[in-house]
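Residue-level listing of the chains:
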Amino acid sequence: MKQNQKGAEDEEALLPSQSPPVPPPPPLTTPVTRPHAVWTPGVVVAAVVLVVGTTAAALLNQHVANTVPTYVFSISVFSPFVGLVVYPIVTVTSHKAGAIKIGLTRANFGEAFSAMVPVALCFALNNVLLAFGTSGRGSGKPDVPTVLALVLQKLVVPVSLTVESFYDWHRPRVLQVVGVILVVLGGVVAALAYRDGAAAGGHGPSHDAKVFCIVLASLPLATGFLLVKRATGIVSRVSEFELWAVLCLPETVFSIGLAYAAQAIRDPGISRDEMSNTLWAGLKCIAIGRDDSPVNGQGRQCSDAATYTWVGLIPGFAFNLAIPVLVRLLGDSTVVPLLRAVALPLAALLAMAHVDPVIATPFSWDGVAGLLLAFTGLIVCYLPPRVVNRCVSPSTPTSSSIQE
């Protein structure tokens, strides 16, 4: 008996060990908690700078565009060119004051430059597309109605949300979608205050192309915001000020090339010499207030345009520096077009207050309602989230693997 029991035990010992039961596969949709952006005092300050800077820059640039509409492409070239001088000075001054540490070296300059080249291309393309899309049929004669142009520019908000959702492989929160809708709705309502009657005066032969360019400009702008987020992650040791200084190098080159292309699209048959003369005349007009063009049309007031151009650089550089700061602190590029969208109804209220007679607009409650809707949408969009469903599967790459 004992021998039989011992033999049975030996047989059991020789049998292969049974593997543990295989757990069932996880469901296709797994709830994943996404970290929520914390609005620290630094984030609030950067957000205020972005809103105020965007509003002031928009109004001042609109004044320049209305004063010298022939030279709109020169503005897109002038800003990054001045940035080549301003941003290094800001970086060194901030380093001397102890606000930042310079992290840009010869070893990582190539990496930083490579990361900012696609950002520069996106921003330059957006600036030139908008410059062409919003250009008029002549001095003081808009082609695309102002109300339509402003509404179309707000497409960058849902486009940015869509681009970032596809990049991070996550579904946007319901509140985030509702907030975006409210912000866009606020922009639409506020844009109704900019009734200029341009449609009654007819359209030029390039009207449809200009509308298409305004719509298309949302894609490179939203992509540029996302690439800023990616760049700040790649070169984490380099400050935002240094990144923007590096950005101006390729953006200046891209802006010059795209300005030539935009002039060729706007004025078919124009020669290269004529494009160069117009671009150079425009740069001198907005830089030193001098107009060498033989054609002296209405609104060609270069002295006034130069003053508003230089003043407009201050809020312009301020909100441009706030963009990478916000993206790095919040880890979310959608907040940038959202805050810029809030600036639209705010600019409408200032225009209705007749602060600047050149862009003055009669008072309308549409602007007030749009401002309230936009601010409400921003608050709703950034309410603390609970749980977000992200599609996760073995064959689907996660956001961390994509970023790596």
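Look above for the structure.
The structure contained in this document is the topic of the report that follows. Just so you know, these numbers come straight off a predicted model, no measurement behind them.

Let us look at the pattern of salt bridges. Summed over all chains, the structure comprises one salt bridge. Between Glu 164 and Lys 229 there is a salt bridge; the shortest N-O distance is 3.7 Å. Pair noted here: Glu 164 is in helix H6 (residues 156-168) and Lys 229 is in helix H9 (residues 218-234), with a separation of 65 residues, a long-range link. Considered together, Glu 164 and Lys 229 belong to a single accessibility category, that of buried residues.

This part is about the packing of aromatic side chains. Geometry of an aromatic ring pair is reported as the spacing of the ring centres plus the angle between the planes. Applying the stated rule across the entire model yields five aromatic pairs. Arranged with centres 6.0 Å apart and planes meeting at 25°, the rings of Phe 109 and Phe 113 form a pair that is stacked. Of this pair, Phe 109 and Phe 113 both sit in helix H4 (residues 106-133), four residues apart, roughly one helical turn. The partly exposed category is assigned to Phe 113, whose relative accessible area is 31%. Ring pairing ties together the aromatic residues Phe 123, Phe 225 and Trp 244, which thus form one cluster.

Here we take up helix H7 (residues 174-191). Here H7 contains 18 residues, and its C-alpha end-to-end distance of 26 Å stays within 8% of the 26 Å for a straight helix at 1.5 Å per residue. Looking at H7, one finds that the buried residues are Gln 176, Gly 179, Val 180, Leu 182, Val 183, Val 184, Gly 186, Gly 187, Val 189, Ala 190 and Ala 191.

This part covers the state of the cysteines. Applying the stated criterion to the full structure yields one disulfide. What pairs with Cys 285 in a disulfide is Cys 302, and their sulfur atoms sit 2.1 Å apart. Its S-S torsion of about -105° marks the bond between Cys 285 and Cys 302 as left-handed, since a negative value means left-handed. Of the two residues, Cys 285 is situated in helix H11 (residues 272-288) and Cys 302 in helix H12 (residues 302-330); the sequence distance between them amounts to 17 residues. The pair Cys 285 / Cys 302 is uniform in exposure class, with both members buried.

Cut-offs and rules
- Residues numbered from 1 in each chain as written.
- Predicted model: local features only at pLDDT ≥ 70, side-chain atom pairs only at ≥ 80, totals over all residues.
- Heavy atoms only, no water.
- Salt bridge = Lys/Arg side-chain N within 4 Å of Asp/Glu carboxyl O.
- Helix = DSSP H or I, 4+ residues; strand = E, 2+ residues; numbered from the N terminus.
- Buried < 20%, exposed > 50% of the residue type's maximum accessible area, 1.4 Å probe, protein only.
- Phe/Tyr/Trp six-rings, centres within 6.5 Å; stacked < 30°, edge-to-face > 60°.
- Expected span 1.5 Å × (residues − 1).
- Disulfide = S-S within 2.5 Å.

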